[in-house]
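Close look at the chain arrangement
Here is how the chains run, residue by residue.
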Amino acid sequence: MSDSAGGGESGGGAGQDSEADNEPPQQPPPLLPGGAGEISEEGASPSAKRLRMSEEDVGQDQVVEPVQMHEDTPTQPSSLQGRPAQTGEGDLLQCEEGGHSGKDVVVVGEEEEYHQNGEEGPKPEEEHNGDGSAESPGDGQQLSLDFTQNPQMLTGSWTEYSNLPENYLKGCKWAPDGSCILTNSADNVLRVYNIPPEIYSYNWDLLPEMSPVLRMAEGDTIYDYCWYPKMNSLEPDTCFLASSSRDNPVHVWDAFYGEVRASFRPYNHLDELTAAHSLCFSPDGAQLYCGFDKMVRVFHTERPGRDCEERPTIVKKQGQSGIISCFGFSPCQSVYACGSYSRCAGLYSCQDGTLLALLPTRHHGGLTHLLFSPDGNYLYTGGRKDPEILCWDLREPGRVVFSLKRNVATNQRIYFDLDQSGRYLLSGDTEGVVSVWDTHTAPPDGNEELLQPQLRFQAYWDCTNGVSIHPFMPLLATSSGQRQFPWPGDSEGDSASDTEGSGAVMSQQDTRQDNVLTLWWAGPLSPAAEGSQDQSTTAAEA
């Protein structure tokens, strides 16, 4: 993989300027020879993706130039529209650099177009009610979300992860335009899945198991991965993603062909290649931020190679120590947040990396994930082996507004996600439960307190490590699994299988491998689907 990565440096610049981080270009820009770990079904998958993307593109065009394709292909248009919607958050639009570019384009016709997701009429009203944000995209999404009942399980992918033992997932992320899902797993392969077209037409009884259209294999353990924030299926040059793995440079992957387009090579003070522990593109996609031990390196997306800006997080023995494990960018200000394994978070200036504020050490374990609220006023942080997600008021740095309880008894990164309006926060836990909190129910001026979840449902028997909310549809993607440690007696050989205890252990290992990617419907059901609602809810709970 690293070989192909090196070869791809020359081609990496093409798609970068076109605002695509999330999915590599559909076009065949720089294809690198030997794109390690492409897809066995590569030929078919790219073509399938191209077709879909092109249709979606139509939808997106529709978003940009409201109308037309939306009706033609409900699924594709909606996805396209969804993407603009997500990009068009009011808060983001206000930000000069931070506003996720492309979002402003979406605002015009999003509300109407995205009604396809759930309820057409109710969405606009709900948008005004719940979001609080001026933009329709986020509102439409929030309005379509319905957590008064358990989400309905639609389909997923499980066979893909059953070929290798303990091939558990390590998270899932929707593409910025909502056209596909990206997953990471223990076999060090990044997989891209398209949304089944049946979802758009409510033909859920016909939903087949999902199969990846693209596989991208890294050479070692994947530390982090992220979409290009301005990824647009209609613009192939913007369709790419970045990943970092142990003892390898940062790779930029083409999301249509599975080839390494370019690589960014961080070197330490000994001029040794060092791997980034965390990755995040700036909101405008112009820069790639990489986290290291007491250091952030900033690469220019259009200039692959080793040239970068170094921003130490500790200066004169003061600042944020530890490995920088996660990033987040404010949607409305030129500020980014860094979480570290030293159990604290810091706020920095995007211009020069100046430390603006260091939040108190309140977490019990190293931070693994953080998110800004859409209005930029709050920061949510979560850590490993830490039972809380904390909500910080950035207008009073150091003040915790409320905390959210979840069960995290592992060092594994357990993701959480906010909807476009910033109202609903979702997280899994190590017991397979997904919790939904309504942040609007928190007392605005009250003392710090524990916020109770609005909804909890059992998604898996095993750890739910990934939760991702679709940019504009009421769809959730979740991933599950964790490393399973052998039970006493498992290593005793075949003879041990004769005993009841061993048989029980073997049975448990064989039947309780819960390594799955799942799609859930979290919106209103169509009249045709209402009849099966109770059965679906029961199945989801089981």
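So, here is what we can say about the structure in this document. Here the structure is a predicted model, which means the values were calculated and not measured.

A separate point is the overall build of the protein. The secondary structure content of the protein amounts to 13 helices and 31 strands. Split into buried and exposed, the 542 residues of the protein put 63% on the buried side. Of the contacts made within the protein by residues no fewer than 6 positions apart, 62% connect residues no fewer than 24 positions apart. Looking at the protein as shown, the accessible area adds up to about 20,000 Å², and 47% of this sits on carbon and sulfur atoms.

Glancing now at the sheet that holds strand S27 (residues 449-451). Strand order in the open sheet made by the 5 strands is S20-S21-S22-S23-S27, with mixed pairing throughout. Each edge of the sheet is formed by a strand with only one pairing partner; in this case those strands are strand S20 (367-372) and S27. In this sheet, neighbouring strand axes are inclined to one another by 25° on average, regardless of whether the strands run parallel or antiparallel. Alignment of strand S21 (residues 378-383) against strand S22 (residues 388-393), held across 5 bridges, turns out to be antiparallel. The residue of S22 that forms the bridge with Gly-382 is Ile-389.

A word on the packing of aromatic side chains. Inspection of every chain in the model, using the stated rule, returns 14 aromatic pairs. Here Tyr-228 and Phe-281 contribute two aromatic rings whose centre-to-centre distance is 5.5 Å and whose plane-to-plane angle is 85°, an arrangement assigned as edge-to-face. Taken as a pair, Tyr-228 in the loop between strand S6 (222-227) and strand S7 (240-245) and Phe-281 in strand S10 (residues 278-281) lie far apart in primary sequence, 53 residues in all. A network of ring pairs unites the aromatic residues Tyr-289, Phe-327, Phe-329, Tyr-336 and Tyr-348 as a single cluster. Sitting over the ring of Tyr-341, Arg-384 keeps its end group 4.1 Å from the ring centre.

What holds strands together in a sheet is hydrogen bonding between their backbones, with the strands either parallel or antiparallel. The strand order across the open sheet built from 4 strands is S10-S11-S12-S13, with neighbouring strands paired in antiparallel fashion. Edge positions in the sheet fall to S10 and strand S13 (309-312), since each has one partner strand and no second. Pairwise comparison of adjacent strand axes, ignoring direction, gives a mean angle of 20° for this sheet. Summarising the sheet, strand S12 (residues 295-300) and S13 pair through 4 bridges and their orientation is antiparallel. Opposite Arg-297, over in S13, you have Glu-310 as the bridge partner.

On to the nonpolar core, then. Formed by 22 residues in total, the largest nonpolar core has its most connected members in Leu-154, Ile-199, Trp-204, Leu-475, Leu-519 and Trp-521. Elements that contribute at least two residues to this core include exactly strand S2 (169-174), strand S30 (475-480) and strand S31 (517-521). If you look at the next biggest cluster of nonpolar residues, it comprises 20 residues, including Ala-175, Leu-182, Ile-222 and Leu-241.

Along the chain, Thr-301 falls in the loop between S12 and S13. Of note is the side chain of Thr-301, whose polar atom sits 2.7 Å from the backbone oxygen of Gly-285.

A word on the environment of Glu-431. Along the chain, Glu-431 turns up in the loop between strand S25 (424-427) and strand S26 (433-438). Here the alpha-carbon distance between Glu-431 and Cys-463, two residues 32 residues apart in the chain, equals 5.2 Å. Beyond its immediate sequence surroundings of up to four residues, Glu-431 is in contact with Asn-407, Gln-458, Tyr-460, Trp-461 and Asp-462.

Relative to the helices and strands, Trp-521 resides in strand S31. We classify Trp-521 as buried; its relative accessible area is 2%. Between the C-alpha atom of Trp-521 and that of Pro-474, which follows or precedes it by 47 residues, the distance is 6.0 Å. Polar contacts involving the side chain of Trp-521 include one to the main-chain carbonyl oxygen of Pro-524, which spans 2.9 Å.

About the cut-offs
Here the residue numbers are simple positions, counted from 1 along each chain's written sequence. Totals for whole chains, interfaces and linings use all residues, but because this is a predicted model, local features are given only for residues with pLDDT of at least 70 and pairs of side-chain atoms are given and counted only at 80 or more. Just so you know, side-chain values use all the structure's heavy atoms and leave hydrogens and water out. Labels follow the DSSP assignment, with helices taken as runs of H or I lasting at least four residues and strands as runs of E lasting at least two, numbered in each case from the N terminus. Accessible area is worked out with a 1.4 Å probe on protein chains only. A residue is then buried under 20% of its type maximum, exposed over 50%, and partly exposed in between. We call two residues in contact when some of their heavy atoms are within 4.5 Å. Here the open area of atoms and residues is found with the Shrake-Rupley method and a 1.4 Å probe, where only the protein chains shown may cover a residue. At least two bridges found by DSSP between two strands is the condition for calling them paired. Here the axes come from fitting lines to C-alpha atoms, over the contacting stretch only for helices, and the angles between their N-to-C directions go from 0 to 180 degrees. Side-chain rings of Phe, Tyr and Trp (the six-membered ring for Trp) are treated as a pair once their centres are within 6.5 Å; stacked means planes under 30 degrees apart, edge-to-face means over 60, and tilted covers the remaining angles. Only lysine NZ and arginine CZ atoms are considered, and such an atom sits over a ring when it is within 6 Å of the ring centre and within 35 degrees of the ring normal. We call a set of buried Ala, Val, Leu, Ile, Met, Phe, Trp, Tyr and Cys residues a nonpolar core when their side-chain atoms join them within 4.5 Å. Polar contacts, as counted here, are pairs of nitrogen or oxygen atoms within 3.5 Å of one another; within protein the pair requires one atom able to donate a hydrogen and one able to accept it, and residues that are adjacent in sequence qualify only if both atoms are side-chain atoms.

So, to be careful, I would describe these as geometric facts and stop short of saying anything about function.
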